[in-house]
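Examination of the molecular architecture
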Amino acid sequence: MEKATILIADDEIEIADLIAIHLEKENYRVLKALDGQEALDTIDSYSIDLVILDIMMPKMDGYEVTRSIREKHNMPIIFLSAKTSDFDKVQGLVIGADDYMTKPFNPIELAARVNAQLRRYKKLNQPNNESEKLDFGGLIILPDQRRVCLFDQDIDLTPKEFEILYLLASHPNKVFSVENIFKHVWAQDYFEGTNTVMVHIRTLRKKLSEERNNYKWIKTVWGVGYSFNG
């Protein structure tokens, strides 16, 4: 089986080297970048399976790099940052990261999270591993293609926006709590005080043109969570 390739983008060489040692023990191929632009150049030049990304880097910060990656790629992104506030974690996840760890960190835990994200990514992208299309009249969800069409127009969703929509739409009228949505989509324990799910729901509603079409695909059940109006 071909080794998965991990890109470590961090301007602290000692940290990048430490991470590389532990990932190579897990039989991963490791590439390194010392700034944001180099990270994007590396992704354009090689087939990358997962990115470990610092936020504060020269030339282009981790947020900008993530936005650029998400325009073309769905590979998992793990932020590894000295920024420790809940706001920073939420911002990272909303922009498109799949996980967020703070420095100082346990390299063994980071390797475990890399393993978990790659297993999840491969499972979600196996052909024919999901149900047939979901058709709600004006809204069509094509799981195998990870594609959403609204009145015959493709809707550009981030990977997490798609997963939230697919989770809700697969169970019409079932109410999911914010905590349950977070655990399903991010595959990790919900951390207190986060509004990550609410921000994703808000952007989803905008992309689904709920205000313009005066129809709520996603229903808020006050004090409980969200459900899909199928």
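Quick caveat, the model's predicted, so the values are computed rather than measured.

Of the two faces of strand S7 (residues 139-142), both are covered, the one formed by Leu139 and Ile141 as well as the one formed by Ile140 and Leu142. Taken together, the two bridges between strand S6 (residues 134-135) and S7 define a ladder with antiparallel strand orientation. Paired with Asp135 across the bridge in S7 is Ile140. Once S6 ends, the chain turns through three residues before running back antiparallel as S7, passing Gly137 with a positive phi of about 80 degrees. Where S7 lies against strand S8 (residues 147-150), four bridges are found, and the strand directions are antiparallel. Paired with Leu139 across the strands is Leu150, a residue of S8. The turn linking S7 back onto S8 is made up of four residues, and Arg146 within it adopts a positive phi angle of 50 degrees.

By size, the foremost hydrophobic cluster in this structure holds 30 residues, and its most contacted members are Ile141, Leu168 and Ile181. Of all the secondary-structure elements, those providing two or more residues to this core are S7, S8, helix H6 (159-169), helix H7 (178-186), helix H8 (196-207) and strand S11 (225-228). When residues in this core are grouped by element, the largest group, seven residues, is from H6. Excluding residues that lie within four positions of it along the chain, Ile181 makes contacts with Ile164, Leu167, Leu168, Phe176, Val197 and Tyr226. In this structure, Leu7, Ala39, Val51 and Tyr63 belong to the second largest nonpolar core, which totals 22 residues.

This part takes up the sheet that holds S7. Backbone-to-backbone hydrogen bonds join strands into a sheet, with any given pair of strands oriented parallel or antiparallel. If you trace the four strands from one edge of the open sheet to the other, you get S6-S7-S8-S9, paired in antiparallel fashion. Only two strands of the sheet have a single neighbouring strand rather than two, namely S6 and strand S9 (153-155). Lying on the sheet, H6 is in contact with S6, S7 and S8; it crosses S7 at an angle near 110 degrees.

Bringing the environment of His184 into the picture now. If you trace the backbone, His184 turns up in helix H7. For the pair His184 and Leu167, spaced 17 residues apart in sequence, the C-alpha to C-alpha distance is 8.1 Å. Not counting the four nearest positions on each side in its chain, His184 is found in contact with Arg120, Leu167 and Phe176.

Moving on to the pairing of S11. Pairing of strand S10 (residues 218-221) with S11 involves four bridges; the strand directions are antiparallel. Along S11, the bridge assignment pairs Lys219 with Ser227. Counted along the chain from S10 to the antiparallel partner S11, the turn is three residues long, and its residue Gly223 has a positive phi close to 80 degrees.

Considering the arrangement of structural elements, one finds Ile15 in helix H1 (residues 13-25). Take Ile15: its relative accessible area is 16%, and that puts it in the buried class. Expressed as a C-alpha distance, the spacing of Ile15 and Phe105, which sit 90 residues apart in the sequence, is 9.9 Å. Residues contacting Ile15, with those up to four places away along its chain left out, are Asp10, Leu80, Lys103 and Phe105.

Here we take up the pattern of salt bridges. Evaluation of the coordinates by the stated rule reveals 14 salt bridges. In this structure, Glu179 engages Lys183 in a salt bridge whose closest nitrogen and oxygen atoms are separated by 3.2 Å. Linking Glu179 with Lys183, this pair stays in helix H7, spanning four residues, or about one helical turn. Residue classification places Glu179 among the partly exposed positions, given a relative accessible area of 36%. For Lys183, a relative accessible area of 37% gives the class partly exposed.

Cut-offs used in this document
- Residues numbered from 1 in each chain as written.
- Predicted model: local features only at pLDDT ≥ 70, side-chain atom pairs only at ≥ 80, totals over all residues.
- Heavy atoms only, no water.
- Buried < 20%, exposed > 50% of the residue type's maximum accessible area, 1.4 Å probe, protein only.
- Helix = DSSP H or I, 4+ residues; strand = E, 2+ residues; numbered from the N terminus.
- Pairing = 2+ DSSP bridges.
- Core = buried A, V, L, I, M, F, W, Y, C linked by side-chain atoms within 4.5 Å.
- Contact = heavy atoms within 4.5 Å.
- Axes fitted to C-alpha atoms, helices over the stretch in contact; angles between N-to-C directions.
- Salt bridge = Lys/Arg side-chain N within 4 Å of Asp/Glu carboxyl O.

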